[in-house]
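Observations on the model geometry
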Amino acid sequence: MTDTPHHDPDFLRVTPGVGEQVRDDVLRTFSDPAGTRERAASAREAIERFMAGRASEMKTGPLDLREVDASEGINTLRIRYQQYHNGLPVLGSGAQAVADIERAGVTSVDNTTDGDLAGAPDPARARPFEEVRERVAAVFAGYAGTAQVGRHTLGYVRDDHRPPVPADDYPTAPAALLATGAAPDGAIHLVYDCGVETGDPYEQFQVVADAVSGDVLWVALRGKYVTADLSVFMPDPVSESDDATLSSGSGAAALDGSRHVVQAEIDAAVNGRFTLQGDWFRCVDWDTPSFAQPDEPAAAFHYRTHPADRRFLSANAYYWLDTFARYLRGLGHPTLNQNMRRVDVDPQAFDGADNSQWVPGTPPRIRFGEGGVPDAADTGVILHEYLHGVFEFLGSEHGGSLSYEHSFCDAIAAIFRDRTALTRHRRAETFPFDNNATDRWSETRTLDRTERFDDAGFDGYEHNLRNSMLGTAVWQTYLALGGDSADAGRRRAASDAVIRTFLEMLTIVPDSSSQGAEHARSLAEGMISADQRITGGLYGKVMDAAFVARGLWPPRPVDVHIGDSDADTGLIPSPEVHWTSPDLWVRNASPADGDDPAQGHQTPIAGRPNFLYVRVRNRGTQQAEAGTFTVEAFRCDPGTGMIWPAHFQSLGTLPVTGPIPAGGSVRVGPFVWTPELAGHECLLAVAHGAADPALTATLTGPVPHDRLVRYDNNVGQRNVVPQLSVPGGRTKVSLWLRGGTRAGTSTLSVDAGALPSDTTIEIRTAARVVTGATATGFTGSSAGDTEAVLRLRGGGEGRLTGFPLLRDDRVGVEVVIDVSGKAEHLQTYPLVVTQYRDGLAAGRMTIETVAVKETEGFLFGDPETGELHVATCRTWQDLPPERREPFETETGALARGYHGCPHCLPNLAGERVP
């Protein structure tokens, strides 16, 4: 078999596997996450045009290929096609096509059709199903009390693989039972695909039997397991207390203190009694041991914890399941919301065994065991089991307990738990309470694995470890997007982003039960593709970095990089201080006039041309070829809360005319522009090429600009401006507070912690900002009809909380700093101004004051007279500190409108720099 990948230059390399793959002269996969190549008037038309136009390459023209399912995600249309032969389905053979709804572009096609069915048995050779039914039911003799063979489908299957078999028995499915059947022979079989429901114990199975011979080919478990018991309260006693000694042996006296009063929605009382039943869950007893579910005369379910009162397990399971399901519905995934069904839950089940299970069916069920730490007391296990149901609701199958479905059941449960936790201990442990030091059942079910998919020993890794490796990458993505923040709002936003992307991914990635690395890669690429559908790729490079760190694929061969700060090495996301790029710098004069760009940054001069340069680095292993990248520069009025692209104006685009060697850099520029604001410009640059596309090439809507800068190393920003000032002098900086894409409330933080205590700061802004808001930390305030003033001392922080800003609002702020008399010569003193919008940091600006205490070598301008002096001038000596504006060069002072004093600088009297 030959496998020929094709990476066309104009496929944007959003994921590593973009392009087309041809095997044995058949087009098997098409991947274009950006959705730019195969477009039409609608997403459906784009798919149908692709399937018809490329049928000869896919070798599907002569085949009987029928559409069997169409599902929508947030911005994804998925159409599945089933292959038929002799009027019967060919199980596992068909095609899946996915399109971006907004762009109306095909993003992926997976072709699993079988073009070699010439030897398929004639349907007339099939035995009557009743004969085969007896052979199927006989498999369960001696295992289950009853075995009912329900639905069955006659079809064809290429017998070339078997479902994975667990290493150990499940409580309701011994490994020997799941190994029933014959070795695959690679031939086409006419089969009956059967569903079997057993009783005593209750379980659901798939059995595939040869319809001609009647032999059972294989048995698969339909139920989804977690091999753990966890008890989670808020979220669980171990996580909340960080006390690893709490275990299954801890009595209710030790555990009762972890209970918290919460609210959940339930149905109205029936005959005066309330039960744990609502829109999406119903606590019922069907599995052994028998245990009556709680009912109460009032809608209150307050019980001591296990083991004192097992009813606690019902209340705990119901609350977390209902809370999670309603949260998922709020994310707005159309197919999930359409397909969600009410689930029956038995919180005291499995005859006390240490296990839990999702059981598909009508209704679907979840059973929780009570061995060790009872599972229904643990949010991790509770959410894990329901996430198996989410896979089912979205028509997505990824191997259940033995393949990578568990990766997401573990990681997504941990992410949701983290966003709701009262304390945040043992965050990377998937089941901190159940897998405690006493009841330790696994060393590998954690989300801080260091093992990689490209390790030499990967083939020897067991399935739980492999799941945890992929789960670690998903967890690391959450942390990188803000999950590691102390700010609860940022953690919530990060969890929303990852979980929403996970749901969309399930509508994109083709089903597989493989335990191999290729399956994990497909799911990882599916996460990046899903982000393309939802945001246009805002989080794609953050995810790429997490997946590279786990060895799912190598780093980008070409990885262009513009530093965000001196500490930025190109890793994604970049450090929190992201607005001090050393790779963007301004010169006041043109290179045509002899200026040397290598001399470093100069403060922009308003009202005259300035010259911006950008350094583009390549941290990859391959050279970026000449002419394959461009750089676009932008400016923005200084301030906080900037939105990309609304608040930025382009300064033009320049090609990178030469190659960028691996590990090297090139200088691009100059970009010429005339600033309108004196002294301060917010500058931003974007490097873009097909081999390493910038996020700006695919973003589908406005985003907070700091996310663009931190989440894409192709983007750099510089907006810190040193302000020279004499001790006792005064520095003034103007900036804007900006509204977002919708109306909301904001908070303004002014952090003067790095300034000496004798420094005074005034914040002047519109009275409407201060009126009705809550001011803390400021030393004083005053307000008129239109303007308000807030005062702050050095060493403190002032916060103005709860002021409203309209959509696209813009409010001016003037910051006046009376510089400390204690300041040290040429010491930099930062004042940090931060705007929070709806609880999230929306932008930050640093005003750096550089104290000029020793006057030798400096010039000083008098803003009232416009005269420029040296420190020995008798006129300068009579000036108060607030009228002494320092300059390092004559050129900078003259360009800003000053002229020489007739006494000390007569040669500059009346001069101006043009």
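Residues numbered from 1 in each chain as written. Predicted model: local features only at pLDDT ≥ 70, side-chain atom pairs only at ≥ 80, totals over all residues. Heavy atoms only, no water.

This next bit is on the overall build of the protein chain. Scanning the protein chain from terminus to terminus reveals 18 helices and 44 strands. Its C-alpha atoms put the protein chain at 115 × 70 × 50 Å along the principal axes. Across the 914 residues in the protein chain, those meeting the buried criterion constitute 56%. Considering only intrachain contacts with a sequence separation of at least 6, the fraction spanning at least 24 residues in the protein chain is 69%. Entry remark: accessible area of the protein chain is about 34,700 Å², with carbon and sulfur atoms responsible for 48%. Averaged over its 83 positive side-chain charges, the protein chain has a centre that lies 4 Å from the centre of its 123 negative ones. (Helix = DSSP H or I, 4+ residues; strand = E, 2+ residues; numbered from the N terminus. Buried < 20%, exposed > 50% of the residue type's maximum accessible area, 1.4 Å probe, protein only. Contact = heavy atoms within 4.5 Å. Areas by Shrake-Rupley, 256 points an atom, 1.4 Å probe, with all protein chains shown as cover. Lys, Arg positive; Asp, Glu negative; His and termini not counted. Charge placed at Lys NZ, Arg CZ, Asp CG, Glu CD.)

Attention shifts here to the pattern of salt bridges. A full pass over the atoms with the stated rule returns 56 salt bridges. Here Asp 64 and Arg 66 are joined by a salt bridge, their closest N and O atoms 2.9 Å apart. Arg 66 sits in the partly exposed class, given a relative accessible area of 36%. Each of Glu 20, Glu 38, Arg 54 and Glu 57 takes part in a single network of salt bridges with overlapping partners. (Salt bridge = Lys/Arg side-chain N within 4 Å of Asp/Glu carboxyl O.)

Let's shift gears to the packing of aromatic side chains. Scanning the entire structure with this criterion turns up 29 aromatic pairs. Ring centres of Phe 140 and Tyr 143 lie 6.2 Å apart, and the angle between their planes is 45 degrees; this geometry places the pair in the tilted category. Ring geometry for Phe 547 and Trp 553: centres 5.7 Å apart, planes at 65 degrees, overall edge-to-face. In this structure, Phe 547 and Trp 553 share a single accessibility class: buried. Each residue in the set Phe 281, Phe 324, Tyr 327, Trp 358, Tyr 386, Phe 393 and Phe 416 is aromatic and connected to the rest through ring pairs, giving one cluster. The cationic tip of Arg 466 hangs over the ring face of Phe 458; the distance from NZ or CZ to the ring centre is 4.2 Å. In this arrangement the basic side chain of Arg 810 is found over the ring face of Trp 736, its NZ or CZ atom lying 3.8 Å from the centre. (Phe/Tyr/Trp six-rings, centres within 6.5 Å; stacked < 30°, edge-to-face > 60°. Lys NZ or Arg CZ within 6 Å of the ring centre and 35° of its normal.)

The antiparallel open sheet is built from 4 strands, whose spatial order is E25-E22-E27-E29. Each of the sheet's edge strands pairs with one partner strand only, and the pair in question is strand E25 (649-655) and strand E29 (715-718). Each adjacent strand pair in this sheet contributes to an overall mean axis angle of 15 degrees, direction not counted. Relative to E29, strand E27 (residues 682-688) is paired through 4 bridges, and the arrangement is antiparallel. Paired with Ala 685 across the bridge in E29 is Gly 716. (Pairing = 2+ DSSP bridges. Axes fitted to C-alpha atoms, helices over the stretch in contact; angles between N-to-C directions.)

A few words on the sheet that holds strand E42 (residues 867-870). The strand order across the open sheet formed by 4 strands is E43-E41-E42-E44, and the pairing between neighbours is mixed. Edge strands, defined here as strands with exactly one partner in the open sheet, are strand E43 (885-887) and strand E44 (899-900). Both strand E41 (residues 859-861) and E43 contribute to a ladder of 3 bridges, which runs antiparallel. Bridge pairing in E43 links Gly 861 to Glu 885.

On to unusual backbone geometry. Omega for the peptide link from Thr 288 to Pro 289 comes to 0 degrees, which places this bond in the cis form. Take Pro 289: it is sitting in the loop between strand E14 (281-283) and strand E15 (295-296). The omega angle of the peptide bond from Trp 644 to Pro 645 is 0 degrees, so this bond is cis rather than trans. One can find Pro 645 in the loop between strand E24 (643-644) and E25.

Quick look at the environment of Leu 65 now. Within the secondary structure, Leu 65 sits in strand E4 (residues 64-72). Residues Leu 65 and Gly 94, spaced 29 residues apart in sequence, show a C-alpha to C-alpha distance of 6.9 Å. Leave out the neighbours within four places in its chain, and Leu 65 touches Met 51, Thr 60, Tyr 81, Gln 82, Gln 83, Gly 94 and Thr 113.

Attention shifts here to the state of the cysteines. Taken as a whole and judged by the stated rule, the model has 0 disulfides. Just so you know, Cys 873 is unpaired, no disulfide at all, and the nearest cysteine sulfur is the one on Cys 904, 3.7 Å from it. Cys 901 takes part in no disulfide bond, and the closest cysteine sulfur to it belongs to Cys 904, at a distance of 3.9 Å. The buried category is assigned to Cys 901, whose relative accessible area is 0%. (Disulfide = S-S within 2.5 Å.)

All right, on to the packing of helix H10 (residues 405-420) against helix H12 (residues 488-505) then. Between H10 and H12, the least distance of the axes is 9 Å, while the angle of their chain directions is 155 degrees. One finds that H10 runs roughly antiparallel with respect to H12. For the element pair H10 and H12, the recorded crossing hand is left-handed. Mapping the contact onto sequence places Phe 408, Ile 412, Ile 415, Phe 416, Asp 418 and Arg 419 in H10 and Arg 491, Arg 492, Ser 495, Asp 496, Val 498, Ile 499, Phe 502 and Met 505 in H12. (Parallel < 35°, antiparallel > 145°, perpendicular 65-115°, else oblique. Left-handed = near helix turned anticlockwise from the far one by under 90°.)

This next bit is on the nonpolar core. In terms of nonpolar packing, the biggest core is built from 115 residues, with Leu 328, Tyr 386, Val 390, Phe 408, Ile 412, Phe 502 and Phe 547 touching the most fellow members. The element contributing the most residues to this core is helix H7 (residues 311-330), with 12 residues. Excluding residues that lie within four positions of it along the chain, Phe 408 makes contacts with Leu 387, Phe 391, Ala 413, Leu 470, Val 474, Phe 502, Met 505, Leu 523 and Met 527. Of all hydrophobic cores here, the second largest spans 31 residues; its members include Phe 140, Phe 205, Leu 221 and Leu 402. (Core = buried A, V, L, I, M, F, W, Y, C linked by side-chain atoms within 4.5 Å.)

Moving on to the side chain of Thr 759. Here Thr 759 shows up in the loop between strand E32 (744-751) and strand E33 (760-766). For Thr 759, a relative accessible area of 2% corresponds to the buried category. Among residues more than four places away in sequence, those in contact with Thr 759 are Leu 792, Arg 793, Gly 794, Ile 817, Asp 818 and Ser 820.

It is worth spelling out the pairing of strand E5 (residues 76-85) at this point. Taking burial as the measure, the 10 residues of E5 include 9 buried ones, the bulk of the element. Relative to E5, E4 runs antiparallel, the two sharing 8 bridges. When the sheet's bridge partners are listed, Glu 67 is paired in E5 with Tyr 81. Here E4 folds back onto E5, and the loop between the two strands holds 3 residues. Sheet topology note: the E5/strand E6 (residues 88-100) ladder contains 9 bridges and is antiparallel. What sits directly across from Ile 79, in E6, is Ala 97. Here E5 folds back onto E6 in antiparallel fashion, the turn holding 2 residues, of which Asn 86 has a positive phi close to 55 degrees.

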